[in-house]
Amino acid sequence: MTENKFVFLAADIPGVFAFDRDKNIVACSTFPRNPKSILGKLEELEEGTDLDEVREVLERVDTENIVTDIPIDLDGYNIEVKENISAKKHLIENLREISKECGFVQSDSQFNRILRDIQVIRTRDGIKSSVKKDRFVSQAVSALEDLRRISNELSERLREWYGLHYPELNVSDNEKYAELVSGLDKREDSDDFRGSMGLDLDRPDTDVVRSFANHVSSVYEEMKELKEYLEEVMDDVAPNLTHLIGSEMAAQLISLAGSLDKLARMPSSKIQLLGAEKALFRHLKGKGKPPKHGIIFNHPYIQNTPDNKRGKAARAIASKLMMAARTDNYTGKFKGKKYKDELEKDLERIRNE
Amino acid sequence: MNEKHPGVFEDGGRFYTVNLAPGNKVYGEDIVKENGEEYREWNPNRSKLSAALKKGLSELPIKKGSKVLYLGAAQGTTPSHVSDIIRKDGVVYCVEFSERAMRDLLDVCETRSNMVPVLADARKPNEYGWVEMVDVLYQDVAQPDQIKILKRNARSFLKSGGWVMIAVKARAIDVTKEPGEIYKDIKPELEEEFEISEFIELDPFEGDHCFIVARKA
């Protein structure tokens, strides 16, 4: 009576291998040493394509009984497909030695290089597939914050500069001021010009200031466009959050958390203090009072609440934000209206307590 | 240049490693050419391992040909010097979870054939279970549970008799405690599985950081 003979088939970076019960290599067929084609072949194997390498190995084996984790089905063989076979584990654990033994590589440095090449490709693909829209949005909201800072600085400069020439120009809104200056040919053209104690200037001097003012105006223009953009995408990315506190603050929360996914994993106490990390750590070190709120401080919900109720209001808002973030991240359903009604009722009660 | 440790050179109080990828800088470091070799300055203010050497680390377990698993590779500043020291026959597996950092790290890996990038969470060694057994496990992750993460990785990937090298950021473990207290707590936790051979505080290069070298029994 002949004993039933089995071989164990497994594949990885160096190629396709057949092992006996004692983990000795009985046959192998190496892949060409090209990272892209190796990844291609491994992918084909996963999909169950019968590669030439597999056929080659099987032809060299003196049995029809095959155990493997590669999902193949070939006529003339008795193939049992199952996961986590020990031959595969053995192959992975000894990848370097086996690669050298079968002639896939000649040296350690050659093995390192091919492994590096393959991991670089896999990592690039991994990054590509995991970058989501919310990351894009958090960049947009950071850009908006940058523009706000820059526009204030530039406006201040413009006022100082043009103020030397026409100090009487009294417009408190920065955006309007820049618009006015850039459109003003001479100060005498201004509607309410009644003489000026400023420096008299000629053409080239007024031109530089006007051109500068023009740039300042365009920064405000850009901000407007960004805000519109944010409103549009935020409705798509996180409709519940957006409905609850507005697109800009919703985007800021996502940006501070790192991503919508991270925000959705946060407890409400952490959401409450996003943006107040400095005050929190100051407090934890034993100095200063504990902060009540992070960036949600700037929301009218808090602003319209009297000082002594703000801590309680902040907790109520944060807990609803947490629910909204989780709804956005995990379900995609819209419950923003319900959350908002509930929150406003809560806040009303807190204010009147 | 005199060789302070195998592969690590010193000249005028500065440390250098021999550039494995001549012509390429990683983080704007100074490059010095001598006897046909290109030396990259190893800035102790940028790299905790360099700071530890500067503060008198007596034995550097990372050597020519070493296999290193590096947890928390970040932008690849320190790993690039590790890559210089181990040369082409050694390998350093660079585990990093942040995609932002990984983008910069990939650029470094592309010029160095012994740096293998691994985009994964060091908390889940199963995600990179294909990594081989290593001589040195290096960890710089600034996480409250970093010792737990270290042990988990050491069990899966560190050869017996292999070394662990860890940078500990006291503020990442508990902001409310004094660094000295935290170091005191860490030691027994490490000694359950390792034998501590060196302990170095990294000030003034890094405040509230220490560096520990230990060996797996």
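## Considering the overall build of chain B
A count of helices and strands for chain B gives six helices and twelve strands. What you see for chain B is a C-alpha radius of gyration of 16 Å, in line with the 17 Å of a compact globule of 217 residues. Expressed along its principal axes, the backbone C-alpha trace of chain B runs to roughly 50 × 35 × 35 Å. A separation threshold of at least 6 residues defines the contact pool for chain B, and within that pool the share at least 24 residues apart is 60%.

## Notes on the interface of chain B and chain A
Taken together, the 20 residues of chain B in the interface contact 19 residues of chain A. The set of elements that each furnish at least two residues to the side of chain B that touches chain A consists of helix H3 (99-111) and strand S8 (115-119) of chain B. The element contributing the most residues to the side of chain B that touches chain A is H3(B), with six residues. Partitioned by chemical class, the residues of the side of chain B that touches chain A number eleven nonpolar, three polar and six charged.

## Quick notes on the packing of helix H7 (residues 174-183) of chain A against helix H8 (residues 203-237) of chain A
All names here are of chain A. At a minimum axis distance of 8 Å, the contact between H7 and H8 shows a crossing angle of 140°. By the angle between their directions, the pair H7 and H8 is classed as oblique. Between H7 and H8 the crossing geometry is left-handed. Of the residues in H8, those in contact with Glu 175, Ala 178, Glu 179, Val 181 and Ser 182 of H7 are Val 209, Arg 210, Ala 213, Asn 214, Val 216, Ser 217 and Tyr 220. When grouped by side-chain class, the residues that make up the contact of H7 with H8 number six nonpolar, three polar and three charged.

## Description of the pairing of strand S7 (residues 91-96) of chain B
Residue and element names in this part refer to chain B. In terms of burial, S7 is a largely internal element, six of the six residues being buried. Alternating positions in S7 separate into two faces, Val 91, Tyr 93 and Val 95 on one and Val 92, Cys 94 and Glu 96 on the other, with burial throughout. Where strand S6 (residues 67-71) meets S7, five bridges bridge the pair, whose relative direction is parallel. Residue pairing for S7: Val 68 is matched across the bridge by Val 92.

Definitions and limits used
- Residues numbered from 1 in each chain as written.
- Chains lettered and ligands numbered in written order.
- Predicted model: local features only at pLDDT ≥ 70, side-chain atom pairs only at ≥ 80, totals over all residues.
- Helix = DSSP H or I, 4+ residues; strand = E, 2+ residues; numbered from the N terminus.
- Rg over C-alpha atoms; globule rule 2.2 N^0.38 Å.
- Contact = placed C-beta atoms within 7 Å.
- Nonpolar A, V, L, I, M, F, W, Y, C, P; charged D, E, K, R; others polar.
- Axes fitted to C-alpha atoms, helices over the stretch in contact; angles between N-to-C directions.
- Parallel < 35°, antiparallel > 145°, perpendicular 65-115°, else oblique.
- Left-handed = near helix turned anticlockwise from the far one by under 90°.
- Buried ≥ 20, exposed ≤ 12 C-beta atoms within 10 Å, placed from the backbone.
- Pairing = 2+ DSSP bridges.

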